[in-house]
Amino acid sequence: MRIDVVSIFPSYFDGLTLSLLGKARDSGILDVNVHDLRDWTSDRHRTVDDTPYGGGAGMVMKPEPWGLALDALASRVAAPADEPGRAEQRPTIVFPSPAGEVFRQATARELATRDHLIFGCGRYEGIDERVFEEAAGLGEVRLISLGDYVLNGGEVAVMAMIEAIGRLIPGVVGNPDSLVEESHEDGLLEYPSYTKPSLWRGREVPPILLSGNHGAIAAWRREQQLERTRRRRPDLLAD
Ligand code: 6GU
């Protein structure tokens with residue numbers, strides 16, 4: 001998968017060289033390219049924002065640099081053009097926004113199937129609305145929010161999305177079994193985990209886990225998942 005990120009703070013994404021995603025980049029599974037939006041400005045001050053039409057607080061990101069950036073990045077070829085049946089593919093263009101659809105595990109699974117994702121990180125009061133209309137001519141546009149709170153810009157949200165999506169790409173997480181039994185994969189929270197020692201500071205590991213009875217352990221874990229979800233996230237059971 002190819003991922004392009006456009007931001008006025010590219011160094012936010014230095015962390016993507018670390019850990020499993022860093023390894024996936026080194027091995028060529030993930031091709032992540034971070035770009036500075038200001039590279040698509042042409043004035044001396046490399047201006048990316050201006051005051052809002054109609055008045056109001058804050059600044060709005062100008063459309064021109066975004067238009068040039070998306071034109072340049074969307075026309076990349078996902079696979080060699082001479083490969084039969086694999087001509088140019090339209091990217092999925094994601095704009096992180098507190099006004100977008102909420103990012104869920106299902107969203108990560110869906111986006112993990114794409115060949116090419118472009119993330120456009122807005123700052124200030126947002127991006128000129130016409131950029132989203134223009135981007136729809138280049139690919140599938142998605143406005144996606146991390147949740148119901150406000151961040152100063154999209155960078156931290158995009159880091160979270162790339163991590164959630166990247167780890168679902170085959171080969172990124174070494175043991176694919178660890179992707180199956182985790183929170184949200186089956187709509188429930190994860191069951192509690194324990195390791196050695198079996199007695200620590202007077203606290204015992206639940207004895208069933210030491211019983212060797214795999215059927216009883218599976219049933220206990222399921223009950224724990226349901227109980228935790230009822231207590232912490234009743235909204236998940238209502239869905
Ligand atoms: Cl994706 N962006 C910003 N700026 N704030 C957010 C968010 C995204 N998701 C939740 N809050």
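Here, every reference points to the structure presented above.
Just so it is clear, the structure is predicted and the values come from calculations on it, not from any experiment.

A. Expanded view of the overall build of the protein. Regarding its fold elements, the protein presents seven helices and nine strands. By principal-axis analysis of the C-alpha atoms, the protein measures approximately 70 × 50 × 35 Å. Within the protein, the fraction of its 239 residues that count as buried is 37%. Considering only intrachain contacts with a sequence separation of at least 6, the fraction spanning at least 24 residues in the protein is 74%. With the model as given, the accessible surface of the protein reaches about 13800 Å², and the carbon-plus-sulfur share is 51%.

B. Quick look at the site of the ligand. With respect to spatial proximity, the complete set of residues near the ligand consists of Pro-96, Ser-97, Pro-98, Ile-144, Ser-145, Leu-146, Gly-147, Tyr-149, Val-150, Leu-151, Gly-153 and Ala-157. Leu-151 places a main-chain nitrogen or oxygen 3.0 Å from a nitrogen atom of the ligand. Protein chains shield 96% of the accessible area of the ligand, which is 290 Å² for the free molecule. When contributions to the shell around the ligand are tallied by element, the ones reaching two or more residues are β5 (92-102) and β7 (140-145).

C. Up close: the nonpolar core. Membership of the largest hydrophobic core comes to 29 residues, with the highest contact counts inside it found for Ile-3, Phe-119 and Ile-165. With residues near it in sequence (within four places) discarded, Phe-119 still touches Ile-3, Asp-4, Val-5, Val-6, Val-94, Val-158, Met-161, Ile-162 and Ile-165. Residues Leu-37, Val-48, Leu-73 and Phe-132 belong to the second largest nonpolar core, which totals 17 residues.

D. Up close: the sheet that holds strand β1 (residues 2-7). Taken together, the five strands give an open sheet; going across it, the order is β2-β1-β6-β5-β7, and neighbouring strands pair in parallel fashion. Bordering the open sheet on either side are β2 (31-36) and β7, each of which pairs with just one other strand. Between one strand and the next, the sheet's axes are offset by a mean angle of 30°, whatever the strand orientation. Where β5 meets strand β6 (residues 116-120), three bridges bridge the pair, whose relative direction is parallel. Bridge pairing in β6 places Ile-93 opposite Ile-118. This element, helix α5 (residues 155-166), spans β1, β5, β6 and β7 of the sheet and lies at about 160° to β6.

E. How the structure looks around helix α2 (residues 63-74). If you check α2, its first and last C-alpha atoms are 16 Å apart, about what 12 residues at 1.5 Å a residue would give, namely 16 Å. Regarding α2, the residues found buried are Pro-65, Trp-66, Ala-69, Leu-70, Leu-73 and Ala-74. Down the axis of α2, the buried side of the element spans an arc of 140°, and every buried residue falls inside it. Buried positions along α2 lie against β1, β2, β4 (60-61), β5, β6 and α4 (130-135).

F. Region of interest: helix α6 (residues 214-232). Between its first and last C-alpha, α6 extends 27 Å over 19 residues, near the 27 Å set by a 1.5 Å rise per residue. Listed in full, the buried residues belonging to α6 are Ile-217, Trp-220, Gln-225, Arg-228 and Thr-229. Projection of α6 onto a plane perpendicular to its axis shows the buried side chains occupying an angular sector of 165°, all on one side. Tucked into the core, α6 has its buried residues touching α7 (234-238).

G. Region of interest: the pattern of salt bridges. A complete count under the given rule lists 18 salt bridges for this structure. A salt bridge links Glu-155 to Arg-123; the nearest nitrogen and oxygen atoms lie 2.9 Å apart. Placement of Glu-155 in helix α5 and of Arg-123 in the loop between β6 and α4 is noted, with a sequence separation of 32 residues between them. Note on accessibility: Glu-155 and Arg-123 belong to one class, buried. One network of salt bridges, in which partners are shared, links Glu-101, Glu-110, Arg-114, Glu-140 and Arg-142.

What counts and what doesn't
- Residues numbered from 1 in each chain as written.
- Predicted model: local features only at pLDDT ≥ 70, side-chain atom pairs only at ≥ 80, totals over all residues.
- Heavy atoms only, no water.
- Helix = DSSP H or I, 4+ residues; strand = E, 2+ residues; numbered from the N terminus.
- Buried < 20%, exposed > 50% of the residue type's maximum accessible area, 1.4 Å probe, protein only.
- Contact = heavy atoms within 4.5 Å.
- Areas by Shrake-Rupley, 256 points an atom, 1.4 Å probe, with all protein chains shown as cover.
- Near = heavy atom within 4 Å.
- Polar contact = N/O pair within 3.5 Å; in protein donor to acceptor, adjacent residues only side chain to side chain.
- Core = buried A, V, L, I, M, F, W, Y, C linked by side-chain atoms within 4.5 Å.
- Pairing = 2+ DSSP bridges.
- Axes fitted to C-alpha atoms, helices over the stretch in contact; angles between N-to-C directions.
- Expected span 1.5 Å × (residues − 1).
- Arc of directions from axis to C-beta.
- Salt bridge = Lys/Arg side-chain N within 4 Å of Asp/Glu carboxyl O.

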